[in-house]
Amino acid sequence: NIHGFSPPEITFFAQTWGMDRGEILKRFIAAGLGSIPGGGAEILVDRVRKKIAGRKATTDEWLGVMEDAHGLGLTTSATMMFGHVETLSDRIEHMVRLREVQDRTGGFTAFIGWTYQSSNTKLQGQVPAMAGGHEYLKTLAVSRLMLDNFPHVQGSWVTQGPKIGQLSLSFGADDLGGTMMEENVVSAAGASFCMPIERIESLIRDAGYEPCRRTTQYEVA
């Protein structure tokens, strides 16, 4: 399965090539695209987006790409990057907007929330201390309650480390994602956790669960 091109990228293609984003999605599907990652969502509140991601897609553009993709038969994931300049109300608004699209389309496979990593960013030193494990787990639990129409919630050991990643399985997550051949985003901002498959499986078993491998569509492999 080819899992690629987040909503800000699709929006950029549409603006650059002067094409309808639905036509772009159709061409990508014809070329083999099978699903879309939920990257670039950050916080789906334009007041916040203007501060932290002013050149990315707007809230409506991000959600519009996802709704168009679902209408064409693509599944997608959804993300939220929190713990920077947003308020608690902004986090809830983000979840509500996702929930509304999911009610209409059913195309989201999973929600993935992670905390802002401040190192080597323009916001370093301009925001309060990064959200810690306690804040992360509370937000994860709220997301599981709010997004009860999402079939899966993924824990973020990539930003939180293996111990909090393991705890996430008791706070609403049913997925720990996977190993990565290469990671350049959060590692550039100071997070450098990496685990082989065997370590992930060991953490899941130690938490009292049975690990299984899945496809992008959440079919047990």
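An account of the accompanying structure is given in this report. Think of each chain on its own: its residues are numbered from 1, step by step along the sequence as written. Reporting of local features is limited, given that this is a predicted model, to residues whose pLDDT is at least 70; pairs of side-chain atoms are given and counted only at 80 or more, and all residues count toward the totals for whole chains, interfaces and linings. Values shown for side chains rest on all heavy atoms present in the structure; no hydrogens or waters enter the calculation.

1. Details of the overall build of the protein chain
- Broken down by element type, the protein chain carries 9 helices and 5 strands.
- Numbering of helices and strands runs from the N terminus; a helix is a DSSP stretch of H or I covering at least four residues, while a strand is a stretch of E covering at least two. Along the protein chain, helices (α) and strands (β) appear in the sequence β-α-α-β-α-α-β-α-β-α-β-α-α-α when read from the amino end.
- The classification of residues rests on relative accessible area computed with a 1.4 Å probe and restricted to protein chains. Under 20% of the type maximum is buried, over 50% is exposed, and intermediate values are partly exposed. Here the protein chain, with 221 residues, has 45% of them falling under the buried criterion.
- Summarising the internal contacts of the protein chain: among those between residues at least 6 apart in sequence, 69% fall at separations of at least 24.
- Method for areas: the Shrake-Rupley scheme with a 1.4 Å probe, in which residue coverage is limited to the protein chains shown. Of the roughly 11,300 Å² that the protein chain leaves accessible, carbon and sulfur atoms contribute 54%. Here, two residues are considered to be in contact whenever any of their heavy atoms come within 4.5 Å of each other.

2. Structural notes on the environment of Gly4
- Its location among the elements puts Gly4 in the loop between β1 (2-3) and α1 (7-17).
- Taking the C-alpha atoms as reference, Gly4 lies 9.7 Å from Phe28; in sequence the two are 24 residues apart.
- Excluding residues within four positions of it along the chain, Gly4 makes contact with Leu33, Ser35, Ile36 and Pro37.

3. Points about the sheet that holds strand β4 (residues 108-115)
- Think of it this way: DSSP has to see at least two bridges between two strands before they count as a pair. Ordered by their spatial adjacency, 5 strands build an open sheet running β1-β2-β3-β4-β5, and the pairing between neighbours is parallel. Bordering the open sheet on either side are β1 and β5 (152-154), each of which pairs with just one other strand.
- Note on definitions: angles span 0 to 180 degrees between N-to-C directions of axes, and those axes are lines fitted to C-alpha atoms, for helices only across the stretch in contact. Across the sheet, helix α6 (residues 133-146) touches β3 (75-82), β4 and β5, and the angle it forms with β5 is around 170°.

4. Side note on the environment of Met80
- One can find Met80 in strand β3.
- Through-space distance from the C-alpha of Met80 to that of Gly39 is 8.4 Å; in sequence the pair is 41 residues apart.
- Beyond its immediate chain neighbours, meaning those up to four positions away, Met80 contacts Glu42, Ile43, Arg91, His94, Met95, Phe111, Ile112, Gly113, Trp114 and Thr139.

5. Here's the deal with the side chain of Ser77
- Mapped onto the elements, Ser77 comes out in strand β3.
- You can call Ser77 buried: its relative accessible area is 9%.
- Only 3.0 Å separates the side chain of Ser77 from the backbone nitrogen of Gly38, close enough to count as a polar contact.
- Each residue touching Ser77, except ones within four places of it in the same chain, is listed here: His3, Ile36, Pro37, Gly38, Trp62, Met66, Phe108, Thr109, Ala110 and Ile112. Identification of polar contacts relies on pairs of N or O atoms within 3.5 Å, with a donor-acceptor requirement for protein atoms, meaning one able to donate a hydrogen and the other able to accept it, and with residues adjacent in sequence counted only if both atoms are side-chain atoms.

6. With respect to unusual backbone geometry
- Not every positive phi belongs to a glycine, and Phe5 is a case in point at roughly 70°.
- Within the fold, Phe5 resides in the loop between β1 and α1.
- In this structure, Tyr218 is a non-glycine residue whose phi angle is positive, near 65°.
- Within the fold, Tyr218 resides in the segment after α9 (197-206).
- Of the residues examined, Tyr218 reaches a relative accessible area of 17% and is grouped as buried.

7. Examining the nonpolar core
- The term nonpolar core refers to a set of buried residues drawn from Ala, Val, Leu, Ile, Met, Phe, Trp, Tyr and Cys, joined through side-chain atoms within 4.5 Å. Ranked by internal contacts, the top residues of the largest apolar core, which has 35 residues, are Ile36, Trp62, Leu98, Phe108 and Phe150.
- If you tally residues by element for this core, the top one is helix α4 (residues 59-71), at 5 residues.
- If near-sequence neighbours (up to four positions away) are discounted, Leu98 is found in contact with Leu44, Trp62, Leu63, Ala78, Phe108, Phe111, Leu147 and Phe150.
- Membership of the second largest hydrophobic core comes to 8 residues, among which are Trp157, Leu176, Met195 and Leu203.

8. Re the packing of α1 against α4
- Between α1 and α4, the least distance of the axes is 9 Å, while the angle of their chain directions is 95°. By the angle between their axes, α1 is roughly perpendicular relative to α4. Within the contact between the two elements, α1 uses Pro7, Pro8, Ile10, Thr11 and Gln15 and α4 uses Glu61, Trp62, Val65 and Met66. Just so you know how the angles are binned, under 35 degrees is roughly parallel, over 145 roughly antiparallel, 65 to 115 roughly perpendicular, and the rest oblique.

9. Concerning the packing of aromatic side chains
- To pair, rings of Phe, Tyr and Trp, with the six-membered ring standing in for Trp, must have centres within 6.5 Å; the planes then decide the type, stacked if under 30 degrees apart, edge-to-face if over 60, and tilted in the middle. Across all of its chains, the model carries 7 aromatic pairs by this definition.
- With a centroid separation of 6.4 Å and an interplanar angle of 5°, the aromatic rings of Phe82 and Tyr136 are classed as stacked. Within this pair, whereas Phe82 is found in strand β3, its partner Tyr136 is found in helix α6, the two being separated by 54 residues in sequence.
- Classification of Tyr136 as buried rests on a relative accessible area of 1%.
- These aromatic residues form a ring-pair network of at least three members: Phe5, Phe12, Phe13, Trp17 and Phe28.
- Here the guanidinium or amino end of Arg214 rests over the ring plane of Tyr218, the centre of that ring lying 3.9 Å away. Throughout this description, the term charge over a ring refers to an Arg CZ or Lys NZ atom that lies within 6 Å of the ring centre and within 35 degrees of the ring normal.

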